[in-house]
Amino acid sequence: MWTFGLVTVDLVAGWVAGLDDVMARIARRFGRVEPRRRARGYLLGLLSPLAGKNSWTIAEAAGDSTPDGMQRLLNNFRWDADAVRDDLRDYVGEHLGEPDGVLIVDETGFLKKGVKSAGVQRQYSGTAGRIENCQLGVFLAYASSKGRALIDRELYLPQRWCDNPARRVEAGIGEQVTFATKPAQGLAMLTRALDAGLPAKWVTADEAYGKDGKFRATLQRRHVGYVLAVACNQKIPTETGSSRADALAARAPDPAWKRRSCGDGVKGPRLYDWAVASLPDTGTAEHGYRRWLLIRRNITDPTELAYYLCYGPDDTTDEELIRVAGTRWAVEECFQTAKNEVGLDDYQVRRYDAWYRHITLAMWAHAFLAVTAAASKGAAIPNETDSFPSPSARSDVSWHT
């Protein structure tokens with residue numbers, strides 16, 4: 001007997017109907033009745049208010065006396081988690097898609113004990129803010145005014161894992177899996193989403209991706225706009241050579257700084273001071289596109305600065321660049337919600353393919369919640385005012401004032 005806490009029967013019935021629609025989309029990915037039934041039970045368990053969401057608790061909530069059936073779903077049954085991921089991407093695009101949608105690449109850590117789980121080792125986890133024994137997952141999120149959801153995932157395999165045949169065999173890592181950097185994994189996910197026609201105009205990511213020249217160049221070749229964080233020492237092309245991002249920021253004239261919100265947070269608008277400079281064409285921007293340097297300054301601590309390299313259509317407004325920069329926080333909200341509400345990090349599996357299976361089903365549960373919320377509330381209407389750049393006096397870059 002499933003337990004849903006203190007919610008109305010009508011609400012439960014609505015959720016069950018929505019879950020039936022989800023299962024209708026992915027049922028063909030499971031060859032037989034039993035794995036289909038187990039997949040539905042697993043999703044329903046992820047969506048229910050269990051204290052921990054692993055094979056044991058989900059099986060118990062489904063009325064099973066042992067977790068064997070749920071464990072077979074993750075470890076033994078034949079089904080293609082990548083095909084189920086593709087169905088998820090299409091579902092999100094159908095319900096949350098907008099032409100100016102933003103794709104966000106980021107990673108999150110999964111703290112683990114022992115050395116058996118695929119990809120686990122002592123490594124820096126941004127989730128913990130320190131070096132921990134953990135797995136790292138690189139994710140792609142989609143955000144629009146309608147909502148946000150995780151749509152793709154890759155497990156990061158450190159080089160020492162890729163070079164250890166015994167560990168690979170034990171964790172079920174096939175020969176086709178080779179070492180890939182996190183930016184390369186991010187590009188692979190972006191390529192899948194863009195090739196599938198997901199409506200997206202922008203990409204945003206943190207410094208780990210923004211500093212990667214291949215990452216930026218690939219997006220430019222595809223004419224996909226980006227707002228990518230970079231470090232203070234990032235070399236920026238100017239009319240007189242190149243300069244560090246922080247050196248340029250120090251020379252920004254006072255009229256270049258504008259106080260703007262980059263979106264609402266839990267405490268209201270996230271206000272910062274922003275400055276934008278047009279960068280010279282170094283031959284990398286296509287006709288009709290250009291590049292900018294965007295700088296964010298903390299209002300209460302003006303020494304706290306963040307820097308972004310940007311690329312997009314030449315009629316892009318400053319407000320649009322700021323909006324995209326602020327959208328990057330959406331992926332953090334996705335991680336928090338997916339971990340707290342649908343057990344993204346509650347899994348107890350060691351095999352490489354089992355990780356992908358749990359994560360994919362958890363992303364489906366998270367997307368289902370996002371789509372359900374969007375349907376109940378309606379699409380948000382952005383409150384933006386257009387602003388066009390007014391170049392300042394000639395300098396090494398052209399500041400917008």
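Residues numbered from 1 in each chain as written. Predicted model: local features only at pLDDT ≥ 70, side-chain atom pairs only at ≥ 80, totals over all residues. Heavy atoms only, no water.

Draft legend 1. Just the packing of helix H2 (residues 33-47) against helix H4 (residues 68-75), in detail. Between H2 and H4, the least distance of the axes is 10 Å, while the angle of their chain directions is 105 degrees. Taken together, the axes of H2 and H4 are roughly perpendicular relative to one another. For the pair formed by H2 and H4, the contact residues are Glu34, Pro35, Arg38, Ala39, Gly41 and Tyr42 on the first element and Gly69, Met70, Arg72, Leu73 and Leu74 on the second. A breakdown of the residues in the contact of H2 with H4 according to their chemical character gives six nonpolar, two polar and three charged. (Axes fitted to C-alpha atoms, helices over the stretch in contact; angles between N-to-C directions. Helix = DSSP H or I, 4+ residues; strand = E, 2+ residues; numbered from the N terminus. Parallel < 35°, antiparallel > 145°, perpendicular 65-115°, else oblique. Contact = heavy atoms within 4.5 Å. Nonpolar A, V, L, I, M, F, W, Y, C, P; charged D, E, K, R; others polar.)

Draft legend 2. Quick peek at helix H5 (residues 81-96). The first and last C-alpha atoms of H5 sit 22 Å apart over 16 residues, in line with the 22 Å expected at 1.5 Å per residue. The set of residues buried in H5 consists of Ala81, Ala83, Val84, Arg85, Asp87, Leu88, Arg89, Tyr91, Val92, Gly93 and Leu96. Between the side-chain oxygen at the start of H5 and the backbone nitrogen of aspartate 82 there is a gap of 2.9 Å, and the oxygen is on aspartate 80. (Expected span 1.5 Å × (residues − 1). Buried < 20%, exposed > 50% of the residue type's maximum accessible area, 1.4 Å probe, protein only. Polar contact = N/O pair within 3.5 Å; in protein donor to acceptor, adjacent residues only side chain to side chain.)

Draft legend 3. View of the environment of methionine 23. Checked against the element boundaries, methionine 23 lands in helix H1 (residues 9-26). Residues methionine 23 and valine 169, spaced 146 residues apart in sequence, show a C-alpha to C-alpha distance of 32 Å.

Draft legend 4. Up close: the pattern of salt bridges. One pass over the full model with this rule turns up 28 salt bridges. Between aspartate 20 and arginine 40 there is a salt bridge whose closest N-O contact spans 2.7 Å. Within this pair, whereas aspartate 20 is found in helix H1, its partner arginine 40 is found in helix H2, the two being separated by 20 residues in sequence. Taking relative accessible area as the criterion, aspartate 20 reaches 38% and is therefore assigned partly exposed. Judged by relative accessible area, arginine 40 falls into the partly exposed class, the value being 26%. A salt bridge links arginine 153 to aspartate 152, with the nearest nitrogen and oxygen atoms 3.5 Å apart. For aspartate 152, a relative accessible area of 3% translates into the label buried. Three or more residues are tied together by salt bridges with common partners; here these are Asp82, Arg85, Asp86, Arg89, Asp90, Asp152, Arg153, Glu154 and Arg192. (Salt bridge = Lys/Arg side-chain N within 4 Å of Asp/Glu carboxyl O.)

Draft legend 5. Expanded view of the nonpolar core. Among the nonpolar cores identified, the biggest contains 103 residues, and Leu103, Leu150 and Leu294 are the most heavily contacted of them. Broken down by element, the residue count for this core peaks at 15 residues, all from helix H14 (residues 352-377). Ile236, Leu248, Ala275 and Leu279 belong to the second largest nonpolar core, which has 17 residues in total. (Core = buried A, V, L, I, M, F, W, Y, C linked by side-chain atoms within 4.5 Å.)

Draft legend 6. View of the packing of aromatic side chains. A full pass over the atoms with the stated rule returns 16 aromatic pairs. Seen from their ring centres, phenylalanine 139 and phenylalanine 335 are 5.4 Å apart, and the 75 degrees between their planes marks the pair as edge-to-face. Of this pair, phenylalanine 139 sits in strand E3 (residues 130-144) while phenylalanine 335 sits in helix H13 (residues 329-341); the two residues are 196 residues apart in sequence, bridging distant segments of the chain. With a relative accessible area of 0%, phenylalanine 139 lands in the buried category. Under the relative-accessibility criterion, phenylalanine 335 is labelled buried at 4%. Seen in terms of ring centroids, tyrosine 156 and phenylalanine 179 are 6.2 Å apart; in terms of plane orientation they differ by 70 degrees. Their pairing is edge-to-face. You can see tyrosine 156 sitting in the loop between strand E4 (147-155) and helix H6 (159-162) and its partner phenylalanine 179 sitting in the loop between helix H7 (165-171) and helix H8 (182-195), a full 23 residues away along the chain. With a relative accessible area of 13%, tyrosine 156 lands in the buried category. By way of ring pairs, the aromatic residues Phe110, Phe139, Phe335, Tyr347, Tyr352, Trp355 and Tyr356 are connected into one cluster. Seen from the ring of tyrosine 156, lysine 182 lies directly overhead, with NZ or CZ sitting 4.9 Å from the centre. (Phe/Tyr/Trp six-rings, centres within 6.5 Å; stacked < 30°, edge-to-face > 60°. Lys NZ or Arg CZ within 6 Å of the ring centre and 35° of its normal.)

Draft legend 7. Summary view of the environment of alanine 217. By the secondary structure assignment, alanine 217 is in helix H10 (residues 213-221). A relative accessible area of 28% places alanine 217 in the partly exposed class. Separated by 128 residues in sequence, alanine 217 and arginine 89 place their C-alpha atoms 24 Å apart.

Draft legend 8. A look at H13. Taking 1.5 Å per residue, 13 residues should reach 18 Å; H13 reaches 18 Å between its end C-alpha atoms and fits that length. If you check which residues of H13 are buried, you get Ala330, Val331, Cys334, Phe335, Ala338 and Lys339. On an axial view of H13, the arc spanned by its buried residues comes to 160 degrees, and they lie on one face. Opposite its buried face, H13 presents the exposed residues Gln336 and Asn340, each directed more than 90 degrees away. At its buried positions, H13 is contacted by strand E1 (102-111), E3, E4, helix H12 (318-327) and H14. (Arc of directions from axis to C-beta.)

Draft legend 9. The pairing of strand E5 (residues 202-205), seen in detail. Of the two faces of E5, the one holding Trp202 and Thr204 and the one holding Val203 and Ala205 are both buried throughout. Where E1 lies against E5, four bridges are found, and the strand directions are parallel. Bridged to isoleucine 104 within E5 is threonine 204. The pairing of E5 with strand E6 (residues 225-230) spans four bridges and is classified as parallel. Among the inter-strand pairings, threonine 204 is bridged to a residue of E6, identified as valine 227. (Pairing = 2+ DSSP bridges.)

Draft legend 10. Summary view of the state of the cysteines. Counted by the stated rule, this structure contains zero disulfides. Here cysteine 162 is not disulfide-linked; the sulfur of cysteine 134 is the nearest cysteine sulfur, at 16 Å. Residue classification places cysteine 162 among the buried residues on the basis of a relative accessible area of 13%. (Disulfide = S-S within 2.5 Å.)

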